[in-house]
Structure formats: C-alpha cells, structure tokens
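Okay, here's what each chain looks like letter by letter:
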Amino acid sequence: MKILVIEDNQDLLENILTYLKRGGYRCETASDYDTAFNKIMSFTYDIALIDLMIPGGSGLQILRELKSARPQTGTIIISAKNSLDDKVTGLEIGADDYLTKPFQLAELHARIKAVYRRNNLNGDDVVQNNEIAIHTKKMETKVNETLVDLTPKEYDLLLYFSSNKNHVLSKQTIAEHLWGDYVGHLDNLDFVYQHIKNLRKKLIKAGANDYIESIYSIGYKFNVNRRSS
Amino acid sequence: MKLFTKFLLIYLAVSIVVLGIGGIISYHIIKDEIDKELKFEFLDRIDRVTYLLEQGKTFAKFKELDQDENLVIVPLDTFKENNTQVSDTLIWDDRFEREEKNVKVSAFRNINDTTYFISTYGNMIESNDVREAVISILLWILGLQVLGAVGIGFVVSGPLFKPFRNTLNRIQNFQINEKEYLKAESTNVKEFRDLNIFVEEMTKKAVSDFNNLKEFAENASHELQTPVAIAKGKLELLTETNLNEQQYSYVEKLETTLNKLSRLNDSLALLTKIENHEFSTNETVNISKIVKDGIDAFQELLSLNNLKLVTDISDSVILKLHPSLAEILWSNLFRNAINHNIQNGKINIILNCDYLEISNTGKELNTEPFVLFERFKKGEQNSESIGLGLSIVKRIVDQNEMPISYTSEKNWHTIRISLKSVKTD
C-alpha cells in the first residue's frame, strides 16, 4: 500500500513513518502545500493523510484538488482542530475519515486499514488471521468456518487487534479506541481487561488459538505467531 | 422622559417667560402710545378753545366742543402766566365703579387780558381693556407656538431623528460573536455622521478584539495538541522496543498523563468557546434521542462496570438548544454518573418536558455539592478526572438560563436541570 503523509511537523512525521513502515507500507512525505500538490498530481496513492494546517496553503484545498484529480485515493484528515465545523467541512469535501491530534498511532493505523478496505475492496474484505476470519462487510467473525457470537465492541476490539497485530497496545489505547472520549475520564480501566477476557474466551471456545498476549498485565499484543500449547 | 417631551417642556417654559415679559412691555408701550395720542388731542383742543376765545366766542354749556363732557373753561380773576400741564389723574368711573387712570391736560391762557383756566381729561381705552387685549394676543401666540412646537417635535422625532434611532436600534441588536461590525450609514447631518462613524470604529475594534482573544485561545489549544501528539507517538514507538515491566509501567503512566493533559486542553478550549457564545444559534434539538442514543452506545460499558440503569425517558422532548451543546451537556452528565459510581452501583435517569434528572450512587461527599460546579473542584483531589466536566455543564445551563440543582443524600447524588426555559411548545 502506498501512502502519502502531508504533515509539516518533522517529529510527528517521523512517528507516523516509523510506525507505518514497520507495517510494510511504502510512505512518501510532503511538508508544505507545493510539495503536496506536486505529489498528488504526479503520482497515485492508496491513502493520503492530510494535516489541515500546512505551510503555503490549506489542507482542505489539497483535499479538494485530490478529490477532483484522483477520487479513488482514500483520505484521512489529521487536525489539531477539534472543531465540529472543520470536521463537517472536511467530510463534506470527501475525506474518508477525520482524526484529531493527539491520536494514537495504532488508531491511525486501524483507520488507514478501514479506509483502504472501504475504498479498494468495496468493504467486502475478509481479514484473515490464521484460523480467525473477520468479514468486515457483514461484521462477522468466523473461526474455521464456525461463527463466533461477538458483541459490537468485542468485534471492534478484535478488528483493532488484527489491524495492529504484533504491536503492543496499552489498556489506555484500547479503551480510547473502543469508547472514545468517554473513557478518557474514567479512573478505572479494568473493564478493558473484562472485554479482553470475554473476547479471548469466545475465540478459544470456537477453537482458535489464544493469540492475545498480555504484556505485564498493562498492555496487550495480538501475536499471530503465538501458538497456545 | 422622551427627548421630544423634554424639548417641548423646555420650549414652553421659555416661551411663557418670554411672552410674560413681552406682555408687560407691550402693555406699557401700547398704553404710552395711546396716552401720547390723547395728550396731543387734548392739547389741540385747548389750542382751539384758546383760538375761539380770542375770536370772542363764549362757552356756556358743556360738550360745546367735540362733545367733550370734561372740558372746563373758567375765567380767573388773578393773572397767571401762560402755562400747560399734562398729568395722570385718577378719576372715579361710574360704570366700572372704581378709579381709572386718565390723562389730564390743564392750561392757563391769557386772552384779552383775562386769564382762563382750560382743562380736560379722559381716556380713550381703559387700561383693563389694554391688558385684556395684550393677554389675549399673547395667549393666541402661545397657542400657535405650542402647535408649532408639536409640529416641529414630530418632524424632529420622526424623519429628522430617524438616523439616530436607527443607530440606536443597531447598537441594541449588536452581537459581538456574529463577527459583523456596524457599518456607518450615510446621513447628511454632521452629528449623526460622527456618531455613526464612531459606532462603526468602536464595533470594529470590539469585533477584532473578540476575534483576537478567541483566536489566541484556540491557537494556544491547537499548538499544544501537536507536541502532545508527538510525545504520545514516541511513547507508542517506545512500547515496541523490549521494555521490562517497570519501564513499561512508566510508559503507561506517561501515556495516561499525556491523555489527561490533552483532555484538559480540550475542555478548556471548549469552555472558552462556550463563554464566547460560539454556540448561540436558534436551532432545536431532540434531547430524548441524544439521551437514548447515549445510553444505547454505552450499554456494554455499563454492564462491564456492573452498573444498573433505570430510565424514565419521555419521547421527543425538543429543546431550543444548540445540538453540540446538548451532546456535550448530556455526555458530561452521563460520564460523571458512570465515573463517580461505586461497585455494583445504580444510575437513574428521568427525562420529561420539565426537567432532566440524573442520579447515581457514589461516595459520600465531604464538600457542598454546589462547589463541584466550580472549575477544577473535585470530590476527591487525587482522582484522575480533571474537574472540568461539571463546570462545562454549569456554563451551558447558565448560558441558556436553565436552573440546575445538585443534591446529595448519603450515597445518592442527584443533578436536576429544569428545561422550562428552553422547551418548545
């Protein structure tokens, strides 16, 4: 997958690149309006990450040009502005998603995958993790053709894990992904453990390996190379 | 008092004083003029009597000349120099039964060696008549002036003062968050033009100051989010390296702290936005739907936290409230109820046309409940919450004039918001 990251902050750019390159993506960067404009006009990308505030112009303008020139490119706005107006404008112009700074890299990664699935595979993608198959269109999970009955949040959690497989995800990250802003204010994140316990139980019961690895009981890793004994 | 009324009263007061003085002066001038005229006539009569006497005419009866009843011609035994005297004298008037001021002319004339005393008096018009005439003239003038003043008043308060009233209206309707300054309207009256230009400049400055302040608050918040984003990213990358348990727990703690920082920042930016009245639109919102959707979305979270929810929610309660504010209001209340709950706790939610009430079990308060609406006030100082949730709620309800109450009894906390001021009919 080829991704263009339009972001003027070098540190943030480096974070995104490091994370995405580990996932095997081909990433190109643009730090100002002119470079970004040249790149979107000259090359085709699967996904473009667009910061709204870039030197020399507006990210929204880039988005407009990209949508008219190459409508098949998936677009995700990254903005420090948590304002509804910008969100609405961005999505109206045709952005596929909108992410507010500060975001988790794992979250960004999951969104990139979701946008890619929607745009390129008509959403009818089966995310396969060994014996676990996630049918993203029907929102179903099967283990060796056996349907697993997951709650919406458990399904979400599994998809999030598989989007970020072999990455360490902290409880905080998981809670934020599942419950958004709400959870940011909760003192007790034990319910994350509950979620994971339930998910793990259901998967094992359906005959899957236990891929969810606990890291010092602080974070979790979806380790597809792990074989339960 | 209206400007017009005031103008009319001052005008009348001045008119009355001026007309009063003018009346006295007119009275005297008219009276003097008449007296003078009378005096000349009497002098002329005396000259004619003298002439007739010189011609040898004798006067026996009264009214022999000009029908003058008061003419007196008396030959004297003694000799007197020719002399003429004009004086005012008070004469009893039978008709009016009082003494009237009359002009009297008396003269001594030597004709054919005899000295005659010739005198006559009279008044052409009684001073009373003069006074009455003057007063009636003045009253007429005063009446016409009042009419004139009222007429002018209508013109002044009507078309003439129209630009002024327009400007006043526009100032009253001026809202700083609409970002529109009051452009000076053209008028050919210098004072009004000056006023309009002044208002334009003042509102322009107010709007630009307001925008600067808002921009600063927003920019500060945005600028802060990028460094936080960088730090968060670095921490995520750090967790990918081989960390031991202690290192990993430090990273986790840092992550939590950074999240708190960014939430704090978001909440402060939101408070500023609300305070700047950026949400004051005339939209309506279905609060029933927001509450129900909110509950549905968090059903799983509630059950994971072993919280029991009892609801009594009326359908389609429509409020005159900005939809975003309604969302924020509800989510803060609901989050508050979940966050400060206890193990196996309960939440009760009642929504009807009159009020929204959310009560939850929780730890007993050791402060007055109302204190928790203040910024950064928390039930427990060391908790992870940032202590802005309820101040945001308070700010929203205050701005929309919705009365709010917070009561706590043992381990039950109840927040009730009256919806009467924002409900639609």
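Let us look at the structure shown here. (Residues numbered from 1 in each chain as written. Chains lettered and ligands numbered in written order. Predicted model: local features only at pLDDT ≥ 70, side-chain atom pairs only at ≥ 80, totals over all residues. Heavy atoms only, no water.)

When helices and strands are tallied, chain A shows nine helices and 14 strands. A total of 229 residues make up chain A; the buried ones form 56% of that total. Carbon and sulfur atoms form 46% of the exposed surface of chain A, whose accessible area is close to 9,600 Å². (Helix = DSSP H or I, 4+ residues; strand = E, 2+ residues; numbered from the N terminus. Buried < 20%, exposed > 50% of the residue type's maximum accessible area, 1.4 Å probe, protein only. Areas by Shrake-Rupley, 256 points an atom, 1.4 Å probe, with all protein chains shown as cover.)

For the rest of this paragraph, the subject is the interface of chain A and chain B. With 48 residues of chain A at the contact, the number on the chain B side is 43 residues. Summed over both sides, the interface between chain A and chain B buries roughly 4,100 Å², with carbon and sulfur atoms accounting for 57% of that surface. Where chain A touches chain B, the interface holds three salt bridges. Close ionic contact of Lys234 of chain B with Glu14 of chain A constitutes a salt bridge, the shortest N to O distance being 3.5 Å. Counting residues per element, the side of chain A that touches chain B draws most heavily on helix H1 (residues 10-22) of chain A, at seven residues. Class assignment for the residues of the side of chain A that touches chain B results in 19 nonpolar, 18 polar and eleven charged. (Contact = heavy atoms within 4.5 Å. Buried area = accessible area lost by both parts, 1.4 Å probe. Salt bridge = Lys/Arg side-chain N within 4 Å of Asp/Glu carboxyl O. Nonpolar A, V, L, I, M, F, W, Y, C, P; charged D, E, K, R; others polar.)

Residue and element names in this part refer to chain B. In terms of strand pairing, strand E1 (residues 72-76) meets strand E4 (residues 114-122) through five bridges, oriented antiparallel. The residue of E4 that forms the bridge with Val74 is Phe117. Bridge count between strand E3 (residues 98-111) and E4: nine bridges; the pairing is antiparallel. What sits directly across from Ile111, in E4, is Thr114. Once E3 ends, the chain turns through two residues before running back antiparallel as E4, passing Asn112 with a positive phi of about 50°. (Pairing = 2+ DSSP bridges.)

Residue and element names in this part refer to chain A. Strand order in this open sheet of four strands is E8-E9-E10-E11, and the pairing throughout is antiparallel. Looking at the sheet topology across the chains shown, the edges are occupied by strand E8 (126-129) and strand E11 (146-148). Going from strand to strand, the sheet's axes swing by 25° on average, the running direction of each strand aside. Relative to E11, strand E10 (residues 140-143) runs antiparallel, the two sharing three bridges. Following the sheet pairing, Val143 is matched in E11 by Thr146. (Axes fitted to C-alpha atoms, helices over the stretch in contact; angles between N-to-C directions.)

Residue and element names in this part refer to chain A. One ladder, built from four bridges, connects strand E13 (residues 212-215) with strand E14 (residues 219-222); its direction is antiparallel. Each residue of the ladder has a partner; that of Ser214, found in E14, is Tyr220. Hairpin geometry of E13 and E14 is characterised by an intervening segment of three residues between the two adjacent antiparallel strands and by a positive phi of about 50° at Tyr216.

With the rule as written, the count across this model stands at 13 aromatic pairs over all chains. Ring geometry for Phe7 of chain B and Tyr11 of chain B: centres 6.2 Å apart, planes at 25°, overall stacked. Linking Phe7 of chain B with Tyr11 of chain B, this pair stays in helix H1 (residues 3-54), spanning four residues, or about one helical turn. Here the aromatic cluster, defined as three or more aromatic residues joined through ring pairs, consists of Trp179 of chain A together with Phe298, Trp330 and Phe334 of chain B. In this arrangement the basic side chain of Lys153 of chain A is found over the ring face of Trp179 of chain A, its NZ or CZ atom lying 4.3 Å from the centre. A cation sits over an aromatic face here: Arg416 of chain B above Tyr355 of chain B, 3.8 Å from the ring centre. (Phe/Tyr/Trp six-rings, centres within 6.5 Å; stacked < 30°, edge-to-face > 60°. Lys NZ or Arg CZ within 6 Å of the ring centre and 35° of its normal.)

In this section: the sheet that holds E14 of chain A. One open sheet accounts for three strands, arranged E12-E14-E13 (chain A); its pairing is antiparallel. A strand with exactly one partner marks an edge of an open sheet, and here the two such strands are strand E12 (168-170) and E13 of chain A. For this sheet, the mean angle separating the axes of adjacent strands, direction not counted, is 30°. Against the sheet, helix H5 (residues 245-275) of chain B makes contact with E12, E13 and E14 of chain A, and its axis sits at roughly 50° relative to E12 of chain A, the strand it touches most.

A few words on the packing of helix H6 (residues 152-163) of chain A against helix H9 (residues 190-205) of chain A. All names here are of chain A. The contact between H6 and H9 brings their axes to 10 Å, and the two run at 85°. Taken together, the axes of H6 and H9 lie roughly perpendicular to each other. Facing H6, whose interface residues are Lys153, Glu154, Leu157, Leu158 and Phe161, H9 presents His195, Ile196, Asn198, Leu199, Lys202 and Leu203. (Parallel < 35°, antiparallel > 145°, perpendicular 65-115°, else oblique.)

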